[in-house]
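Remarks on the overall topology
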Amino acid sequence: MLQIRGLAAPPALSLQTFRRLKVTVIGFLAASTVLLTLASIDSLRASMRRKARQAWFARAAYLLVLPSFALLALFNYYPMLTALGYSFVKFSLTSAWEFVGLENFRAMASDPFLIRSVLNMLILLAAALVKMIALPLLAAELIFWLPRKDWQQFFRSAMVFPAVVPGVVMVLVWKMIYDPYSGLINVTLRSLRISDAPHAWLGDADLALWSVAFYNFPWINLLIFLIFLGGLLQIDRSVFEAVEMDGATMLQRFWHIDLPTLRPKLNLAVTLIFIWSVQDFASVLILTGGGPGMATYVPALQMFQQITDGQNLGYTSAIGFALFLAVVALTFISMKINREHDPV
């Protein structure tokens, strides 16, 4: 491992060295992209020329979306590339830059806080997949098969209206529901004489993670619901009529018609839920703060706490870039699965 230690030069020299390293990494990625493009086959080059002509004819439309792409590059891709550069150095808000190579990535493998937080994140991800796919899919099926169009329209609108409530408000509501004394769950248990003792749902290390996992249940995620409902609306009605004439039951129709047609939508939903689960720390921060102990600690919360402390920002960047790679890998896997089942 190469370390810059004990140099007589001022800290500004280390900052200049890091900036050159960042420019080198960004330049390498850009050069690799250009070389891969130049090494493409003739058919791809012809396709690119054809698309370039089409883009020229549609130049007005591209000019209109250019500000959006510029903001996307500035606030999404540039921070990602910057985090990649930061992950190779050791620095904080009070110390000079120090190039450490892959040391931050090696430290991740032996960090007990990170290992425990990743395990907690996987449990939360599994619970999110269950509650954010099964319920929206069930709701989409029920609304889609309502016999009257006005009923369908009413329930679609009823599903959309709760989206105006901010997500933080919902988390605070659930924190009150989990309250050990006046919370709805404990009050209900006492009223039904099931349990008189108050349960600290968010304060017990054995219950906290599962309480966080199933908060907001059985509320339905609006975006996932609309994705499934849109997929059902794309199915030709003649297919359902043919299946009905063949005497298929509702379960057979769902298994052999609805579910295969919704496969791309399911892959998209899984990808979105994975991204949300990796990024989410606000709900954990509000409900438990990561406790008790490390019972509900997640990687995004660890990154947030280290950034607010201003310490070991290089290691924090390495964690963020590793999570980014995990999201990119799952996205490519989802795209590959979609191509295999939809060759058109």
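Analysis parameters
- Numbers given for residues are sequential positions, taken from 1 along each chain in its written order.
- With pLDDT at 70 or above as the cut-off, local features in this predicted model cover only qualifying residues; side-chain atom pairs require 80 or more to be listed or tallied, and sums for whole chains, interfaces and linings still use all residues.
- With hydrogens and water excluded, all non-hydrogen atoms of the structure serve as input to the side-chain values.
- Numbering of helices and strands starts at the N terminus; helices are DSSP runs of H or I of at least 4 residues and strands are runs of E of at least 2.
- Partly exposed residues are those whose accessible area sits between 20% and 50% of the maximum for their type, while under 20% is buried and over 50% is exposed, using a 1.4 Å probe and protein chains only.
- For a helix, the expected span equals 1.5 Å multiplied by the number of residues minus one.
- Note on definitions: a residue-residue contact is assigned when non-hydrogen atoms from the two residues lie within 4.5 Å.
- We define a polar contact as two N or O atoms separated by no more than 3.5 Å, with the added condition that, inside protein, one atom must be a possible hydrogen donor and the other a possible acceptor, whereas residues neighbouring each other in sequence contribute only through side-chain atom pairs.

**Considerations on unusual backbone geometry**
The step from Phe217 to Pro218 runs through a cis peptide bond, and the omega angle for that step is 10 degrees. Of note, Pro218 is situated in the loop between helix H9 (208-213) and helix H10 (222-233). Going from Gly291 to Pro292, the amide bond is cis rather than trans, its omega being -5 degrees. Examined against the element boundaries, Pro292 turns out to sit in the loop between helix H14 (282-287) and helix H15 (299-309). Phi at Arg193 takes a positive value of approximately 60 degrees, unusual for a residue other than glycine. With respect to the helices, strands and loops of the structure, Arg193 is situated in the loop between helix H8 (184-191) and H9. Residue Asn216 is not a glycine yet carries a positive backbone phi of 70 degrees. Assignment of secondary structure puts Asn216 in the loop between H9 and H10. Under the relative-accessibility criterion, Asn216 is labelled partly exposed at 25%.

**A short note on H10**
Taking 1.5 Å as the rise per residue, H10 with twelve residues should run 16 Å; its terminal C-alpha atoms sit 16 Å apart, in good agreement. Those residues of H10 that are buried are in contact with helix H5 (112-144), helix H6 (149-160), helix H12 (250-261) and helix H13 (263-279). If you check the start of H10, you find a side-chain oxygen 3.2 Å away from the backbone N of Leu223, and it comes from Asn221.

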